[in-house]
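Residue-level listing of the chains:
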Amino acid sequence: MPSKPPVFQLPESLPLDCGQALESARIAYETYGALNADKSNAVLICHALTGDQYVASTHPVTGKPGWWTRMVGPGKPIDTDRFHVICANVIGSCMGSTGPASPIPGGAADGAPYAMRFPVITIRDMVRGLVALLDGLGIETLHCVVGGSMGGMQALSLAANWPGRVARILVIASTARHSAQNIAFHEVGRQAIMADPAWAQGNYYAGDTSPNNGLAVARMAAHITYLSEEGLTAKFGRRLQDRPDGSAGAKSFGFDADFQVESYLRYQGSGFTRRFDANSYLYITRAMDYFDLAEEHGGRLADAFAGSEARFCIVSFDTDWLYPTAESRHVVHALNAAGAKVSFVELSAPYGHDSFLLEHDQLDRVVRGFVE
Amino acid sequence: MSRHSPTGLRPDLAAIAARVAAGSRVLDIGCGEGELMAVLEAEKGCDARGLELDAGAVERCVARGLSVVQGDADTDLANYPDKAFDYAVLSQTLQVAARPDLMLGELLRVGRRAFVSFPNFAHWRTRAALMWGGRMPVTRALPVSWYATQNIHHVTIKDFRELAREKGARIEGAWFFANERAIGARGANWRAEFAVFELSG
């Protein structure tokens, strides 16, 4: 049995953008590498929508390696021989931090979970929780914050709202605002979950069933947005899936997963339901949809970074149509307008949005160079 | 221009580095792998930023700790505020710009001063190649054939002075190079392979 992960109990209630506050919130986190004496070598890694704190250690549910082991570890681009790496599960999620599946503090004696009574949270709320964690760990200034996708949103939010807390901000395949298309895809996922009878208005925790069908469909739809057309074609094309009895694939003239791409998506969907809570998926996608960093700062993105002395590095991928390069450039232009120190590079990779998680030597060199 | 100064810089970049005031803010447009920026930051305590089209070059800049944005100088200078920099540097890039005149205007908008370096198309070798060979010149300073060169707007020292005048820019200094070393201003439009101008708006 792996030892229980460290969990930080927030000493005070956590105020939220919606006006409510989370009482007795907990944040589960993992650390790698030693914190130096003056606490100046901390690197915070922010995870994506369905990510978790297990960035470089085995996932306790799936038993799979951490989600960014190729980037984080001894001698890796984010070198745990030199840096103290922290990765925390965001509030609203389901891997040990307070979320909709957590019991309401001081609530029902039976420990009934929040479910849909959990307040709607924002990206800034997630970051507020992370800042409380840093306070608890006694880390005043981060050497660097790194985030891909939703993690990049948190990194930008940290830089904009707590500018003194971080010296370097590395944002990969991300955006400063959710577009209509981003919101639209998330809404498909949420509707799939809420249309599943097992969702039961979010009150499924006590029963035997969970809205796994809806959650799997949500994951399938989202997964398509993480890949490129070129990547899907290269990986699957129109190839047919072998039959369950091992015979060669053929069209069934029915609705089995005839095509390999169907089989792959079904596998991704069902695998996801074993490790993720459907209500968490609703809340976190909502937080991402609400994200518009300019809106928080009077409508002008440059004002979000006014006076920033930190160094920024923005990275996009040419085949990422979820958060395309234009969105990264939008952030870069705002940083330029604010006079901030910014680097930007669009990397070429065939695999779409998920490229940031995959093998990419140029990305490795950019990350290593910037973090050092 | 392969002979390097004590700083390890190309002669035109070394001339620019020598003129830049310590501690100033510099935008290097077409910064390549950041040779000038690195010297300005290390030796003059400058706050240097770069703009570079080539992703591989940007990656190497970021890896050496420089702040460089991948982008196209023809379009992306518009995103920098007025007088955001003490100096805007355009080295060996004017002649590849879609509209060198507009780019010069942008340089003088974002920088209080501008440095521009370019190969001089009126160098005697170039003139001779055209005059006697009747062919587009392929010389040491302009080593690529007419159909493959990125230099779409060839310019001479005289042309550049005229453009600066039209733009209302003041020439604060000029440096000329041939055979990889500095030469005097006399007859520069014949003798210089490369020129560097310092302008104020």
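Residues numbered from 1 in each chain as written. Chains lettered and ligands numbered in written order. Predicted model: local features only at pLDDT ≥ 70, side-chain atom pairs only at ≥ 80, totals over all residues.

### Some details on the overall build of chain B
Within chain B one finds eight helices and eight strands. The C-alpha atoms of chain B give 16 Å as radius of gyration, which agrees with the globular expectation for 201 residues (17 Å, within 12%). Along the three orthogonal principal directions, the C-alpha set of chain B runs to about 50 × 35 × 30 Å. The buried share among the 201 residues of chain B stands at 47%. Of all intrachain contacts in chain B linking residues separated by at least 6 positions in sequence, the fraction that spans at least 24 positions is 61%. (Helix = DSSP H or I, 4+ residues; strand = E, 2+ residues; numbered from the N terminus. Rg over C-alpha atoms; globule rule 2.2 N^0.38 Å. Buried ≥ 20, exposed ≤ 12 C-beta atoms within 10 Å, placed from the backbone. Contact = placed C-beta atoms within 7 Å.)

### Quick notes on the interface of chain A and chain B
Contact residues are listed per partner, giving 20 residues for chain A and 15 residues for chain B. Of all the elements in the fold, those that place two or more residues in the side of chain A that touches chain B are strand S11 (311-317), helix H9 (325-337), strand S12 (341-347) and helix H10 (361-371) of chain A. Of all the elements, S12 of chain A adds the most residues to the side of chain A that touches chain B, at seven residues. Taken together, the residues of the side of chain A that touches chain B sort by class into nine nonpolar, six polar and five charged. (Nonpolar A, V, L, I, M, F, W, Y, C, P; charged D, E, K, R; others polar.)

### A closer look at the pairing of strand S1 (residues 25-29) of chain B
Residues and elements named next belong to chain B. Within S1, four of the five residues are buried, leaving the element largely enclosed by the surrounding structure. Of the strand pairs in this sheet, S1 and strand S2 (residues 47-52) are connected by five bridges, and their pairing is parallel. Residue pairing in the sheet places Ile 29 in a bridge with Leu 51 of S2. Traced from S1 through helix H2 (residues 35-44) to S2, the parallel crossover comes out right-handed. Here S1 runs beside strand S4 (residues 85-91); their pairing, made up of four bridges, is parallel. (Pairing = 2+ DSSP bridges. Right-handed = clockwise from strand over helix to strand, strands pointing away.)

### Some points on helix H4 (residues 212-226) of chain A
Residues and elements named next belong to chain A. Compared with the 21 Å implied by 1.5 Å per residue over 15 residues, the 21 Å span of H4 between its first and last C-alpha is a close match. Turning to H4, its buried residues are Asn 212, Asn 213, Gly 214, Leu 215, Ala 216, Val 217, Ala 218, Arg 219, Met 220, Ala 222, Thr 225 and Tyr 226. Contacts made by the buried residues of H4 are with helix H3 (180-195), helix H6 (260-273) and helix H7 (278-290). (Expected span 1.5 Å × (residues − 1).)

### Details of the confidence of the model for chain B
Across chain B, pLDDT averages 93, with 97% of residues at or above 70. Interface scoring of the predicted complex returns ipTM 0.88; its pTM is 0.93. (pLDDT = per-residue confidence, 0-100.)

### Topic: the packing of H4 of chain A against H6 of chain A
If you want to describe how two helices pack, look at the angle between their axes and the distance between the axes. Residue and element names in this part refer to chain A. Where H4 meets H6, the closest approach of the two axes is 8 Å, and the angle between their N-to-C directions is 125 degrees. With respect to their mutual orientation, H4 and H6 come out oblique. For the crossing formed where H4 meets H6, the hand is right-handed. Contact with H4, carried on its side by Asn 212, Leu 215, Ala 216, Val 217, Arg 219, Met 220 and His 223, involves Leu 265, Gln 268, Gly 269, Ser 270, Phe 272 and Thr 273 of H6 and no other residues of that element. (Axes fitted to C-alpha atoms, helices over the stretch in contact; angles between N-to-C directions. Parallel < 35°, antiparallel > 145°, perpendicular 65-115°, else oblique. Left-handed = near helix turned anticlockwise from the far one by under 90°.)

### Examining the pairing of S12 of chain A
Residues and elements named next belong to chain A. Burial analysis of S12 places five of its seven residues in the buried class, which makes it a mostly covered element. Relative to S12, S11 runs parallel, the two sharing seven bridges. Opposite Val 315, over in S12, you have Val 345 as the bridge partner. For the handedness criterion, the β-α-β arrangement of S11, H9 and S12 is classed as right-handed.

### Regarding the domain arrangement of chain A
Residue and element names in this part refer to chain A. On domain assignment, one finds that chain A holds domain 1 (7-180 + 291-371) and domain 2 (183-280). The distance between the C-alpha centroids of domain 1 and domain 2 comes to 26 Å. Taken together, the contact between domain 1 and domain 2 spans 22 residues of the former and 20 residues of the latter. (Domains from an automatic or database assignment.)

### Topic: the environment of Tyr 351 of chain A
Residues and elements named next belong to chain A. Structurally, Tyr 351 can be placed in the loop between S12 and H10. With 124 residues separating them along the chain, Tyr 351 and Leu 227 place their C-alpha atoms 5.5 Å apart. With residues near it in sequence (within four places) discarded, Tyr 351 still touches Leu 227, Ser 228, Gly 231, Thr 319 and Leu 358.

### Section: the packing of helix H1 (residues 123-137) of chain A against helix H2 (residues 150-161) of chain A
All names here are of chain A. Direction vectors running N to C along H1 and H2 enclose 70 degrees, while the axes themselves pass 9 Å from each other. Compared by their axis directions, H1 and H2 come out roughly perpendicular. Where H1 abuts H2, its residues Ile 123, Arg 124, Met 126, Val 127 and Leu 130 lie against Met 153, Gln 154, Ser 157, Leu 158 and Asn 161. Here the contact of H1 with H2 is composed, by residue class, of six nonpolar, three polar and one charged.

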